[in-house]
Number of protein chains: 4
Amino acid sequence: MRNKKPKYNQIIEAAVAVIAENGYHASQVSKIAKKAGVADGTIYLYFKNKEDILISVFEEKMGQFIEKIVRGTSQLDSADDKLFTLIEMHFRQLSEDHHLAIVTQLELRQSNTKIRLKINQVLRPYLIVIDDIIKEGAREKVFRDNLNIQLVRQMIFGTLDEVVTNWVMKEQKYDLVQQAWEVHAFITHGLSANK
Amino acid sequence: MRNKKPKYNQIIEAAVAVIAENGYHASQVSKIAKKAGVADGTIYLYFKNKEDILISVFEEKMGQFIEKIVRGTSQLDSADDKLFTLIEMHFRQLSEDHHLAIVTQLELRQSNTKIRLKINQVLRPYLIVIDDIIKEGAREKVFRDNLNIQLVRQMIFGTLDEVVTNWVMKEQKYDLVQQAWEVHAFITHGLSANK
Amino acid sequence: MRNKKPKYNQIIEAAVAVIAENGYHASQVSKIAKKAGVADGTIYLYFKNKEDILISVFEEKMGQFIEKIVRGTSQLDSADDKLFTLIEMHFRQLSEDHHLAIVTQLELRQSNTKIRLKINQVLRPYLIVIDDIIKEGAREKVFRDNLNIQLVRQMIFGTLDEVVTNWVMKEQKYDLVQQAWEVHAFITHGLSANK
Amino acid sequence: MRNKKPKYNQIIEAAVAVIAENGYHASQVSKIAKKAGVADGTIYLYFKNKEDILISVFEEKMGQFIEKIVRGTSQLDSADDKLFTLIEMHFRQLSEDHHLAIVTQLELRQSNTKIRLKINQVLRPYLIVIDDIIKEGAREKVFRDNLNIQLVRQMIFGTLDEVVTNWVMKEQKYDLVQQAWEVHAFITHGLSANK
DNA sequence: AATGAATGAGTATTCATTCAT
DNA sequence: TATGAATGAATACTCATTCAT
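Quick caveat, the model's predicted, so the values are computed rather than measured. (Residues numbered from 1 in each chain as written. Chains lettered and ligands numbered in written order. Predicted model: local features only at pLDDT ≥ 70, side-chain atom pairs only at ≥ 80, totals over all residues. Heavy atoms only, no water.)

K.L.:
Before we move on, can you summarise the protein's contact with DNA strand E with the specific residues and values?
P.N.:
Contacts to DNA strand E come from 29 residues, most closely from Thr42 and Tyr46 of chain B together with Lys5, Thr42 and Tyr46 of chain C. Backbone atoms, meaning sugar and phosphate, make up 70% of the atoms of DNA strand E lying within 4 Å of the protein. Here Gln28 of chain A contributes a side-chain N or O atom positioned 3.1 Å from a phosphate oxygen of DNA strand E. Note that a phosphate oxygen of DNA strand E is positioned 2.7 Å from one of the backbone N or O atoms of Lys50 of chain A. Every element with two or more residues in the surface near DNA strand E is listed here: helix 3 (40–46) of chain A, helix 3 (40–46) of chain B, helix 3 (40–46) of chain C together with helix 3 (40–46) of chain D. (Near = heavy atom within 4 Å. Polar contact = N/O pair within 3.5 Å; in protein donor to acceptor, adjacent residues only side chain to side chain. Helix = DSSP H or I, 4+ residues; strand = E, 2+ residues; numbered from the N terminus.)

K.L.:
Talk me through the protein's contact with DNA strand F; I want residue IDs and the actual numbers.
P.N.:
Taken together, 28 residues form the shell around DNA strand F, and within it Lys7, Thr42 and Tyr46 of chain A together with Thr42 and Tyr46 of chain D come nearest. Expressed as a percentage, the sugar and phosphate content of the atoms of DNA strand F within 4 Å of the protein is 72%. At a separation of 3.0 Å, a phosphate oxygen of DNA strand F approaches a polar backbone atom of Ala39 of chain A. If you list the elements that add at least two residues to the surface near DNA strand F, you get helix 3 of chain A, helix 3 of chain B, helix 3 of chain C together with helix 3 of chain D.

K.L.:
Summarise the UniProt feature "domain: HTH tetR-type" (unreviewed entry) in chain A; cite the residues concerned and give the values.
P.N.:
Taking the UniProt record as the reference, the feature "domain: HTH tetR-type" (unreviewed entry) is found at residues 5–65 of chain A. Across residues 5–65 of chain A one finds 79% helix and 0% strand; the C-alpha atoms that close the span lie 21 Å apart. (UniProt positions renumbered as here; feature names shortened; annotations may be inferred.)

K.L.:
Go over the interface of chain C and chain D with me, naming the residues and quoting the values.
P.N.:
Taken together, the contact between chain C and chain D spans 39 residues of the former and 41 residues of the latter. For the pair chain C and chain D, the summed buried surface comes to about 3,400 Å²; carbon and sulfur atoms form 55% of the total. If you look at where chain C meets chain D, you find 0 salt bridges. Inspection of the region where chain C meets chain D yields 6 residue pairs in polar contact (both at pLDDT 80 or more). The leading source of residues in the side of chain C that touches chain D is helix 8 (residues 149–169) of chain C, at 12 residues. (Contact = heavy atoms within 4.5 Å. Buried area = accessible area lost by both parts, 1.4 Å probe. Salt bridge = Lys/Arg side-chain N within 4 Å of Asp/Glu carboxyl O.)

K.L.:
Quick one: what's the story with the UniProt feature "DNA-binding region" (unreviewed entry) in chain A, residue by residue and with numbers?
P.N.:
What UniProt calls "DNA-binding region" (unreviewed entry) maps, in this numbering, to residues 28–47 of chain A. Counted over residues 28–47 of chain A, helix gives 75% and strand 0%. Its end C-alpha atoms are 14 Å apart.

K.L.:
Describe the arrangement of the chains, listing the residues and the values that go with them.
P.N.:
Between chain B and chain C there is no contact; the minimum C-alpha to C-alpha separation amounts to 14 Å. Without any contact between them, chain B and chain D keep their closest C-alpha atoms 22 Å apart.

K.L.:
If you had to explain the relation of the copies chain A and chain B to someone new, which residues and values would you point to?
P.N.:
Note: a rotation about an axis with an accompanying shift along it relates these two copies of the chain. Its rotation angle being 178°, the transformation that places chain A on chain B also includes 0.3 Å of axial translation and leaves an RMSD of 0.4 Å. Seen this way, the second copy is the image of the first under a two-fold rotation axis. The fraction of interface residues of chain A whose copies in chain B are also interface residues reaches 95%, indicating that both copies meet through the same surface. (Least-squares fit on C-alpha atoms with pLDDT ≥ 70 in both.)

K.L.:
For the pattern of salt bridges, give the residues involved together with the corresponding values.
P.N.:
Here the idea is simple: oppositely charged side chains can pair when their charged atoms come close. Residues and elements named next belong to chain D. Using the criterion set out here, one finds 38 salt bridges over all chains in the structure. The closest approach of N and O atoms between Glu51 and Lys114, which form a salt bridge, is 3.1 Å. Here the residue Glu51 occupies a position in helix 4 (residues 50–74), and Lys114 occupies one in helix 7 (residues 113–139), the gap between them amounting to 63 residues. For Lys114, a relative accessible area of 56% puts it in the exposed group. (Buried < 20%, exposed > 50% of the residue type's maximum accessible area, 1.4 Å probe, protein only.)

K.L.:
Residues and numbers for the interface of chain A and chain B, please.
P.N.:
Chain A puts 41 residues into the contact, and the matching count from chain B is 41 residues. A per-residue breakdown of the area chain A buries against chain B is headed by Met155, Phe186 and His189 of chain A, which together make up 20% of the total. Summed over the shared surface of chain A and chain B, the number is 0 salt bridges. Counting residues per element, the ones that place at least two in the side of chain A that touches chain B are helix 7 (113–139), helix 8 (149–169) and helix 9 (180–191) of chain A. The element best represented in the side of chain A that touches chain B is helix 8 of chain A, accounting for 13 residues. Its residues placed into classes, the side of chain A that touches chain B shows 15 nonpolar, 18 polar and 8 charged. (Nonpolar A, V, L, I, M, F, W, Y, C, P; charged D, E, K, R; others polar.)

K.L.:
An account of the confidence of the model for chain A is needed here, citing residue identities and associated values.
P.N.:
Of the residues in chain A, 97% reach a pLDDT of 70 or more, and the chain-wide mean stands at 94. Across chain A, the secondary-structure element scoring lowest on mean pLDDT is helix 7 of chain A, at 93, and the one scoring highest is helix 5 (residues 79–95) of chain A, at 98. (pLDDT = per-residue confidence, 0-100.)

K.L.:
Which residues make up the packing of aromatic side chains, and what values do they have?
P.N.:
According to the stated counting rule, one finds 18 aromatic pairs over all chains in the structure shown. Ring centres 4.7 Å apart and planes at 40° place the aromatic pair Phe84 of chain A and Trp181 of chain A in the tilted group. Taken together, the positions of Phe84 of chain A in helix 5 and Trp181 of chain A in helix 9 put the pair 97 residues apart, joining distant regions of the chain. Seen in terms of ring centroids, Tyr126 of chain D and Phe157 of chain D are 6.2 Å apart; in terms of plane orientation they differ by 75°. Their pairing is edge-to-face. Placement of Tyr126 of chain D in helix 7 and of Phe157 of chain D in helix 8 (residues 149–169) is noted, with a sequence separation of 31 residues between them. Phe157 of chain D shares its class with Tyr126 of chain D; the two are buried. A connected cluster of aromatic rings, assembled from ring pairs, spans Phe65, Tyr126 and Phe157 of chain A. (Phe/Tyr/Trp six-rings, centres within 6.5 Å; stacked < 30°, edge-to-face > 60°.)

Structure follows, in C-alpha cells:
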C-alpha cells in the first residue's frame, strides 16, 4: 500500500506543518520537501503533482477524522447520543490538532475549485453519517419525519463548520469542545418533532 | 453618485463576470479590462491594484446585498418575521445573480488572507443584523434567553452559507428560495424557548 | 522665439528641480508638469517628447554656463589667465547652483546614449574655448607646441569634470572654487613648455 | 575556482555582450539568458536579481582589470614607471576588450544610484593604487610634496576616464594605447616638483 | 492654448515539474 | 529509489504620449 512507505507519510506531515505555518499560497513544493527531509524530485515519486499532495493531505487526515467519528457513533443507540458524539468529536479532534484545524478550515479553502470538489468527495462518508443520524432520529420520532435530508445535512454541516472556522480565526482562544452542548441543543431543537 | 463614475462600475461588473466565468486564479487584470471595454492602464486610474479591485467588488456587491436586507427587515415587527425575511432575501438575492453567487461562495474564498480579512469587515454589519434579531427574539420570548449570541450567530450564518454554497456547487439546478421555509423552521425551532 | 514663452521656462526650471530632487529615473513627465503648474498635455505643446525636455534643460542651462565662460575669458590677454578663469568660473557656477550641479554631474548621465550624444553637441562650444586657450598658450610659448589638442582638451575637461563630480558626490561639503588654484597648477604644469 | 561554476561565467560574459550590443536599457534578463544559452530561471540560481547581475559583471571584470594593474605596477621601482604602466595598462586592457570598454564607459553609467554606489566601491582599490603612486612620487621628489592627494587622484582618474570615454564614443577608431605617452607626460609634468 | 482621462506596450521573477545521474 | 540543477510559462503595473473637449 501507498502509505506503507514512510516517506509518503513524512511528506504528508510536512505538508500539514508547512501549510499551517506559512499559509496556503506560501507553501511551495520545495518547502514541503525540505521539511520532509527529501529532495524536491522525491516528492514526485509519491505524488503526481502538488494538487495530489494537497488532496492526499485531506484524504489522509480527514479519513482518520471521519473514521473515528464513524466508530465513535456506531456503538451508540440513539440518534440524539450519536449527534452529540459527532459534534463533540468533530470539535475535539480539531481542538487537539491546531495545525490540522488551520489547514482544513482556512488554508485548504484557498485552493482552486478542482481541489475543493475533490475535497467534497472525501467528505462524503462524513455526510452519510450525518444523513444516517437524521434518518434514525426520524425513525425514533425525536426528529420530524418530513425533513429534507440533504438540506438538513447541509445545515448541520454548515453550523459545525462555521463554529470551528470562527474558533480558528479567533486564534483558538476559547474552548471549542465546550460549545458542543449548545450546538447540539440548537440542532436537536431545530429538528425536533414537537413544536 | 456612483454613476458619475461609469468606468468604475463597468470595471466592477466586468470583474464579477470574469471571476465567475474563469475562476479566481484565472482572472487577470487584462481580462477584466477587456471585458470592461477599457485599457489595462485605465483600471489603475480607479483602483490601486488588483487586490483593490477584488475588495471593491465585494464591498460594492455585498454592501448592496446587506443594505437591502437591513431595509427589508427593519420594517418588520417580530423577530420571527425578520429572520424569515433575512433568509428569504439572502437566498433570493444570490438566486437572482448567479455570477455574484459563484464569486462570493466559491471564488473570493480563494483569495489571500489580507483580502479575506477585509471581506470579514464588510460582512460585519450583516452579522450585527443577525445579532439584533436574536436579541429581539429573546426579548419577545420566542427564543431562549440564555443564548450565546456570538455562537448562535455563527450557527445561523454557517447554516445559510453552507446551503447557498451547496446550491452553487450543484450548479444552481434547484430552487434555492424555496428552501427558505425549511431553513427558517430549522433555525427558529433551534432557538425556540419551549422544548 | 521659443523661450519667450513663459511656460517653456517654467517647465525647464521645474525639470531641473524635479530631477535634482527625485533623481533621473523617478522624474516622470507628470511630476514635472505638476511642479511647473501646467497640465501633462501642455508639456507637449512646448517639447516634442521627454527626451526633448532633458536635452533642452541641458541646452538652456549649459548654454548660459558656457556663454558666461566665453565672455569671462574673452576679455583676458594670456592663455594662463584665461585657463584659470575658465576653471574658476566652471567651479563657481556649479557651486552656486547645486540643483544644476546634481543634474549635470549625476542625473543626466543616467540618460540613454542618444541623449548623451546630444549633450556632447551642446558642450562643443565649451570644448572649442578650451582648444583656443591651448592654441594661444602654445603661441605664447607657455605651453608645449607639439600638443595633441584634442587629447589635451579631453584631459582638461576630464580633470575638471571629475573634480566637480566628486564634489557633488561628497554632497558639496567642501569649497569647490578654492580648488581652482591647484587644478590650474596641475594643468599648466602639465602643459608647460619647459620640463 | 570560478570555472567550477561554468554557468556563472557564461552569464557574466553574456551580460557584457548583451549590454554592449543593445545598450543598458534594452538588456532584458531574457536576452542575457538566451545569449548565455540557459533558461531565464537559471539566471536566478546564480544571481539574486537583475541588479545583482550588473554589479557582478562590474565586480568580476573590474576586479581583474584592477588586479592586473596592481600586479603590473608593484614590480616597478619608480613612481614614474608605475604611473606610466598604470596608464598604459588601463588603456591597453580596455583597448583589447571593446565590449568591456563600452559597458564600463557608457552603459553602466546609466544604472541607478544603488548600482553606481556599488561600482564606486569596486573602484576603490584602483584609486588607492593611484594614491600610492602619488605618495611615492612625492617621496622620490619627482612630484611636488604639497599635493592634495585626493584632488590629484581625482584629476588623474578624470583624465584617464575622459580619454577612454572619448575613444569609445568615437567608436574606437584610433589607437588608444598610443596616447599613453602623452597622457603620462601631461600628468607627470602636472605633478612635477620643478617648474 | 490648455486640459487630463485614457491608452497599451513592455519585463523581471517565481516555482511546479522534469530528467540525467 | 533518490537527487537537485535546470527549465520556462505566465502576469501585474508604470508612465510617456495622445486627443476629444
